[in-house]
Amino acid sequence: MSSPEHKQKIWKMIKDIKVGMLVTLDGEMPRARPMHLVQDEYDGTLWFFTRRSAEKVSETSRDHDVCLSFSDQEEGVYVSLSGKANLTTDRELVEKYWNPFVAAWFPDGKDDPDLALLEIKVTMGEHWKAKESKVFQLYEFAKANVKKDATPNLGENEKFGG
């Protein structure tokens, strides 16, 4: 797990990206699809609205292990979060996270019988943050190619949990 300070660091990296790619197992094959964050803060759990009839729900009921990846190439931010997925229809949580964006996907509103929330309890992850511009990154790649024993220094990389 990670400290409250580290959770804030993760949130700062992903909150403006908003959409992560959720990877589940469809049988033996990994499958990814975009999911939109609905929360305003991060405490180690991520929340997404979904339909109970969606394939990702049956996939996560068979295997709760999932991975979420977020990226912002302009900012040089890349985040991979792994954890356990669970489905909930908790009315308080639906009320808490309901917003106009979600309403567009669920025209029957909060009382839609197919409406649910997918809860991802993050247990481990890794993130990368480029410290410099694209020009500097290209320079680092070129330098590594010229000096055969050098590797590019592109910025921060940290693993946590697990």
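Procedures and definitions
Residues numbered from 1 in each chain as written. Predicted model: local features only at pLDDT ≥ 70, side-chain atom pairs only at ≥ 80, totals over all residues. Heavy atoms only, no water. Pairing = 2+ DSSP bridges. Helix = DSSP H or I, 4+ residues; strand = E, 2+ residues; numbered from the N terminus. Buried < 20%, exposed > 50% of the residue type's maximum accessible area, 1.4 Å probe, protein only. Arc of directions from axis to C-beta. Contact = heavy atoms within 4.5 Å. Core = buried A, V, L, I, M, F, W, Y, C linked by side-chain atoms within 4.5 Å. Salt bridge = Lys/Arg side-chain N within 4 Å of Asp/Glu carboxyl O.

Taking an unreviewed UniProt entry as the reference, the protein is identified by name as Pyridoxamine 5'-phosphate oxidase family protein belonging to Billgrantia bachuensis.

Enquirer: Whenever I open this one, the pairing of strand S6 (residues 115-130) confuses me. Can you help?
Expert: Side-chain positions along a regular strand alternate between the two faces of the sheet. The pairing of strand S3 (residues 45-51) with S6 spans seven bridges and is classified as antiparallel. Along S6, the bridge assignment pairs Trp47 with Glu119. Relative to S6, strand S5 (residues 77-88) runs antiparallel, the two being bridged by 12 bridges. Counterpart to Leu81 in the pairing with S6 is Gly125. Where S6 lies against strand S7 (residues 155-161), seven bridges are found, and the strand directions are antiparallel. Note on S7: the bridge partner recorded for Gly125 is Phe160.

Enquirer: What exactly am I supposed to notice about helix H1 (residues 4-14) here?
Expert: For an α-helix, 3.6 residues make a turn, and residues three or four places apart therefore share a direction. Those residues of H1 lying buried are His6, Lys7, Ile10, Trp11, Met13 and Ile14. Buried residues of H1 fall within an arc of 160° about the axis and therefore sit on the same side. Residues of H1 that are exposed and point over 90 degrees away from its buried face: Pro4, Glu5 and Lys12. On its buried face, H1 sits against S3, strand S4 (65-72), S5, S6 and S7.

Enquirer: Whenever I open this one, the nonpolar core confuses me. Can you help?
Expert: What tends to happen in soluble globular proteins is that the nonpolar side chains get buried as a cluster. One finds Ile14, Leu46, Phe48, Phe70, Leu81 and Ile120 to be the most contacted residues of the largest nonpolar core, which totals 22 residues. Elements with a minimum of two residues in this core: H1, S3, S4, S5 and S6. Phe49, Val94, Tyr97 and Val102 belong to the second-largest nonpolar core, a separate cluster that totals 11 residues.

Enquirer: Please explain the pattern of salt bridges as it appears in this structure.
Expert: Pairing between side chains becomes possible if they bear opposite charge and their charged atoms approach one another. Within this structure, the stated rule accounts for 10 salt bridges. Asp111 is paired through a salt bridge with Arg91; the nearest N and O atoms lie 3.1 Å apart. With a gap of 20 residues between them, Asp111 in the loop between helix H4 (100-105) and S6 and Arg91 in helix H3 (residues 91-97) connect regions that are remote in the sequence. Judged by its relative accessible area of 64%, Asp111 falls in the exposed class. With a relative accessible area of 40%, Arg91 lands in the partly exposed category. Among the salt bridges present, the one from Glu119 reaches Lys121, with a minimum N-O distance of 3.5 Å. By relative accessible area, which is 14% here, Glu119 ends up buried.

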